[in-house]
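# Notes for the structure review
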Amino acid sequence: MTKENTEQLLLDRTQSREKDAKVFDARSRGLLGVREAARRDRRLKFTSLLHHLSEELLRESFLELKKPAAPGIDDETWRDYAVDFERRIRDLHGRIHRGAYRAKPSKRSYIPKSDGTMRPLGIAALEDKIVQQAARTVLECIYEQDFLGFSYGYRPKRSSHQALDALYVGTTKRKVNWIIDADIRGFFDNISHEWLMKFLEHRIADKRMLRLLKRWLRAGVSEDGEWSPTKVEHRRER
């Protein structure tokens with residue numbers, strides 16, 4: 001790899017990774033075992049998950065990121081990280097499994113909403129994006145077996161257009177008297193971290209994986225150079 005142009009090699013690998021049997025994907029035997037176990041027993045708690053965050057999965061997770069995405073507080077882009085890519089992935093993998101990986105605060109940004117107000121966004125640092133993508137791949141193997149068929153939000157291979165199609169079929173093929181449109185105001189800023197972790201512990205008993213997830217919850221946000229913790233309205237915990 002050091003004898004070739006790293007960036008071009010990664011771009012080529014991105015385009016052909018689905019055809020390349022050597023490139024890791026979520027259908028590997030290890031994660032298939034997690035998925036099958038989750039499907040067989042919905043009360044099963046998984047005690048060993050962190051080891052699935054392998055170098056191969058971290059590489060694949062990096063390649064799946066959006067290349068032109070805005071950088072976080074590290075100011076590092078996808079193409080920046082592609083330089084010396086293999087060494088950096090090995091180092092990241094080692095820090096994760098030694099417990100030395102530390103999540104960085106998300107960079108606060110705002111985008112306009114249709115009603116004229118601004119929606120806050122949190123932009124993660126590049127390495128945090130990689131590890132979060134890998135962790136999501138592992139967790140999806142468990143929770144995709146639990147989700148109901150009419151759930152569409154943030155699920156793989158599902159979109160808002162598919163949700164609208166399902167809604168159309170439901171309202172035209174069945175007798176419907178009411179349609180309720182509801183939203184949770186500032187959900188990601190106000191969700192209780194305590195209850196979120198309790199919910200995860202119904203299925204996850206791997207303490208190292210739980211510690212990893214807690215690091216992102218506690219990393220906070222950075223706005224104009226000032227750090228602040230993630231806002232949580234404790235009154236919602238009742």
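Structure's up top.
Along each chain, the written sequence defines residue order, and numbers are assigned to residues from 1. It should be noted that, the model being predicted, local features are given only for residues of pLDDT at least 70 and side-chain atom pairs only at 80 or more, the latter also being counted only at that level, while totals for whole chains, interfaces and linings use all residues. The basis for every side-chain value is the complete set of non-hydrogen atoms in the structure, without hydrogens or water.

### Remarks on the side chain of Glu127
- Under the DSSP-based scheme used, a helix requires at least four consecutive residues in state H or I and a strand at least two consecutive residues in state E, with every element numbered from the N terminus. In this structure, Glu127 sits in helix H6 (residues 126-143).
- A distance of 3.0 Å separates a polar atom in the side chain of Glu127 from a polar atom in the side chain of Tyr81.
- Not counting chain neighbours up to four residues away, the residues in contact with Glu127 comprise Asp74, Tyr81, Leu92 and Arg95. N or O atoms within 3.5 Å of each other form a polar contact, as long as, within protein, one can give a hydrogen and the other can take it, and as long as residues adjacent in sequence are counted only when both atoms are side-chain atoms. Residues count as neighbours in contact if any of their non-hydrogen atoms are within 4.5 Å of one another.

### As for the packing of aromatic side chains
- Two rings belonging to Phe, Tyr or Trp (six-membered ring only in the last case) form a pair when the distance between their centres is within 6.5 Å. Interplanar angles under 30 degrees mark stacking, angles over 60 mark edge-to-face geometry, and anything in between is tilted. Scanning the entire structure with this criterion turns up five aromatic pairs.
- For the ring pair Phe62 and Trp78, a centre distance of 4.7 Å and an interplane angle of 5° mean the geometry is stacked. Separated by 16 residues along the polypeptide, Phe62 in helix H3 (residues 55-64) and Trp78 in helix H4 (residues 78-82) bring together distant segments of the chain.
- Classification of residues uses two cut-offs on accessible area relative to the type maximum, computed with a 1.4 Å probe and protein chains only: under 20% is buried, over 50% is exposed, and between them is partly exposed. Since its relative accessible area comes to 0%, Phe62 is described here as buried.

### Some details on the sheet that holds strand E1 (residues 106-112)
- The four strands are arranged E2-E1-E3-E4 in an open sheet whose pairing can be described as mixed. Strand pairing shows two members of the sheet lacking a second neighbour, strand E2 (118-123) and strand E4 (226-228), which therefore form its edges. Each neighbouring strand pair of the sheet contributes to a mean axis angle of 40°, computed without reference to strand direction.
- Pairing of E1 with E2 involves six bridges; the strand directions are antiparallel. Residue pairing for E2: Tyr110 is matched across the bridge by Pro120. A strand pair is defined by DSSP finding two or more bridges across the two strands. Note on geometry: axes are C-alpha line fits, over the in-contact stretch for helices, and angles between N-to-C directions span 0 to 180 degrees.

### Overview of the packing of helix H5 (residues 85-98) against H6
- Closest axis-to-axis distance for the H5/H6 pair is 12 Å, and the angle between their directions is 65°. Judged on the interaxial angle alone, H6 and H5 are roughly perpendicular. Handedness of the H5/H6 crossing: right-handed. Where H5 approaches H6, its residues Leu92, Arg95 and Ile96 are matched on the opposing element by Glu127, Ile130 and Val131.
- Residue polarity follows a fixed list, in which Ala, Val, Leu, Ile, Met, Phe, Trp, Tyr, Cys and Pro are nonpolar, Asp, Glu, Lys and Arg are charged, and the others, Gly among them, are polar. Of the residues contributing to the contact of H5 with H6, the split by class is four nonpolar, no polar and two charged. Here is the rule for angles: anything less than 35 degrees is roughly parallel, anything more than 145 is roughly antiparallel, 65 through 115 is roughly perpendicular, and the remaining ranges are oblique. By definition, turning the near helix anticlockwise from the far helix through less than a right angle yields a left-handed crossing, and turning it clockwise yields a right-handed one.

### Details of the nonpolar core
- The biggest cluster of nonpolar side chains holds 41 residues, and the ones touching the most others in it are Leu53 and Phe62.
- Secondary structure elements with two or more residues in this core: helix H2 (29-40), H3, H4, H5, H6, helix H9 (193-200) and helix H10 (207-218).
- Tallying contributions element by element places H6 first for this core, with ten residues.
- Discounting residues that sit within four places of it in the chain, Leu53 has contacts with Leu58, His93, Ile96, His97, Val131, Ala134, Ala135, Val138, Met209 and Leu212. Here the nonpolar core consists of buried residues drawn from Ala, Val, Leu, Ile, Met, Phe, Trp, Tyr and Cys, with membership extended through side-chain atoms lying within 4.5 Å.

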